[in-house]
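# Inside the fold
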Amino acid sequence: MSAETPPAPTTARLDGLPDEITAQEIAGARGVSVATVRNWMKLPGWPDSVGKRGKAVLYPNAAVAQVLADNEAGRIDTSGLGDDPAELVTLPTIAERTGLPQGTVSAYPALYGASNDPFPAGDSLGRRRVGDVAAWLSRRTTLGGIRPVAAALGKSTAPAASKTKITEGDIDINGVQEETGLGREAAKSLLRRTELAAMSTGKVGRNRIWPRAALLAELKQLGYTLRSEKPARLTAAERAWLSEPRSASELAEHYSVTIGAITHRLQRARDADAQVPEPVDPTAAVKKYDPAEFDGFWKR
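Residues numbered from 1 in each chain as written. Predicted model: local features only at pLDDT ≥ 70, side-chain atom pairs only at ≥ 80, totals over all residues. Heavy atoms only, no water.

## Some words on the overall build of the chain
Tallying secondary structure elements over the chain gives 16 helices and eleven strands in all. Working note: accessible area of the chain is about 16,800 Å², and carbon and sulfur atoms make up 52% of it. (Helix = DSSP H or I, 4+ residues; strand = E, 2+ residues; numbered from the N terminus. Areas by Shrake-Rupley, 256 points an atom, 1.4 Å probe, with all protein chains shown as cover.)

Dropping the structure here:
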């Protein structure tokens, strides 16, 4: 997709996913964090879950797409950027012509530099093409009626809670540094990410705080190794499940779906020439699969 290609409709961005999808899959399709998707689940009309895939809760794809489409707010007005798409403009000029706060625009390269839809790269003088900037800004939508400027800053329209001390359930920038090993400035930059900034619950003194468990889960999702995290150990039940091949009916029970869902997923992958787990013994009357191999296929 070129920088000036109009954004795809919400439904198109969920096409290609299973009929029943997880929060992780929704996040990947929309280029947001799982925490953002969990916030979307508070929107009016969000569908009830329809089962589980392993431990992940499933939602009907079509209903999710409809809720997201119904709740998309207006896009940022780019009409003042100029009529010449090849014109090169600086970040301050972009802010001046769009009416966005200069701090907001200046944060775009860092906030969205590594996203699925990165802010247009600048030349050696930090200038960007008007056409590229206008196309990128036109793709910025918010959900649930939050104003675009507030969303760009990673701020909630609700007032932050006030606390007098950090509790065991909280974490601030010092705790993030301890968990990730990042320096002060790197930790600040990380916590300014839109989805992380939006999770903040207030301040203690001069430091902003976050719910510890939720923030660490998001940092782990972003690929950070946490110092407090211990290597996962399999439970006795998990070891027993992996100890022998499993039939389609056993797999269906394990993932809380129907046998039809299992066979449909396998057939759909074969039709797409994707790699699928093969039965351990193809000649057996009841086909059984390696549970670890099948789990990797089911969750991808």
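Next, the rest of the story.
## A short note on the nonpolar core
Within the largest apolar cluster, 16 residues are counted, with the highest numbers of intra-cluster contacts made by Leu81, Ile94, Val105, Tyr108, Phe119 and Leu137. Every element with two or more residues in this core is listed here: helix H5 (91-98), helix H6 (102-112) and helix H7 (130-138). By residue number, the principal contributor to this core is H7, which donates five residues. Beyond its immediate sequence surroundings of up to four residues, Phe119 is in contact with Leu91, Ile94, Tyr108, Pro109, Tyr112, Arg128 and Trp136. (Core = buried A, V, L, I, M, F, W, Y, C linked by side-chain atoms within 4.5 Å. Buried < 20%, exposed > 50% of the residue type's maximum accessible area, 1.4 Å probe, protein only. Contact = heavy atoms within 4.5 Å.)

## Regarding H5
Given 3.6 residues per helical turn, the α-helix brings residues three or four places apart onto the same face. Those residues of H5 lying buried are Leu91, Ile94, Ala95 and Thr98. In a view along the axis of H5, the buried residues occupy a sector of 100 degrees, so they form one face of it. Taken together, the buried residues of H5 touch strand E4 (88-89), H6, strand E5 (128-129) and H7. (Arc of directions from axis to C-beta.)

## Examining the environment of Ala135
Here Ala135 is to be found in helix H7. In the structure, Ala135 is positioned 15 residues away from Pro120 in sequence and 9.5 Å away in space, judged by C-alpha atoms.

## Thoughts on the pattern of salt bridges
Taken as a whole, this structure holds nine salt bridges when the rule is applied. Between Glu185 and Lys188 there is a salt bridge, and its shortest N-O distance comes to 3.7 Å. Of the two residues, Glu185 and Lys188 are both situated in helix H10 (residues 184-191); the distance of three residues between them amounts to about one turn of the helix. What makes Glu185 exposed here is its relative accessible area of 54%. (Salt bridge = Lys/Arg side-chain N within 4 Å of Asp/Glu carboxyl O.)

## Here we look at the packing of aromatic side chains
Evaluated as defined, the whole model comprises seven aromatic pairs. Between Trp46 and Tyr59, the ring centres sit 5.8 Å apart and the planes meet at 70 degrees, which makes this aromatic pair edge-to-face. Here Trp46 is found in the loop between helix H3 (34-40) and strand E2 (51-53), whereas its partner Tyr59 is found in strand E3 (residues 56-60), with 13 residues between them in sequence. With relative accessibility at 11%, the residue Trp46 sits in the buried group. A residue is classified by how much of its surface remains accessible, and Tyr59, at 11% relative accessible area, is buried. Judged by centre distance (5.5 Å) and plane angle (70 degrees), the ring pair of Phe294 and Phe297 falls under edge-to-face. Residue Phe294 and its partner Phe297 are both found in helix H16 (residues 291-299); the two are separated by three residues, about one turn of the helix. A relative accessible area of 0% means that Phe294 is categorised as buried. On the basis of relative accessibility, which here comes to 5%, the residue Phe297 falls in the buried class. Joined through ring pairs, the aromatic side chains of Tyr255, Tyr289, Phe294, Phe297 and Trp298 make up one cluster. Between the NZ or CZ atom of Arg265 and the centre of the ring of Trp298, over which it lies, the distance is 4.3 Å. (Phe/Tyr/Trp six-rings, centres within 6.5 Å; stacked < 30°, edge-to-face > 60°. Lys NZ or Arg CZ within 6 Å of the ring centre and 35° of its normal.)

## Overview of the sheet that holds E2
Read across the open sheet, the three strands follow the order E1-E3-E2; overall the sheet is antiparallel. Pairing within the sheet leaves two strands with one partner each, and these edge strands are strand E1 (20-21) and E2. Contacting E1 and E3, helix H4 (residues 61-70) crosses the sheet at an angle of about 75 degrees to E3. (Pairing = 2+ DSSP bridges. Axes fitted to C-alpha atoms, helices over the stretch in contact; angles between N-to-C directions.)

## Re unusual backbone geometry
In the Ramachandran plot, Ser256 falls in the positive-phi region, its phi being about 60 degrees despite a non-glycine side chain. Take Ser256: its relative accessible area is 43%, and that puts it in the partly exposed class.

Take it as geometry only, folks, not as evidence of what the structure does.
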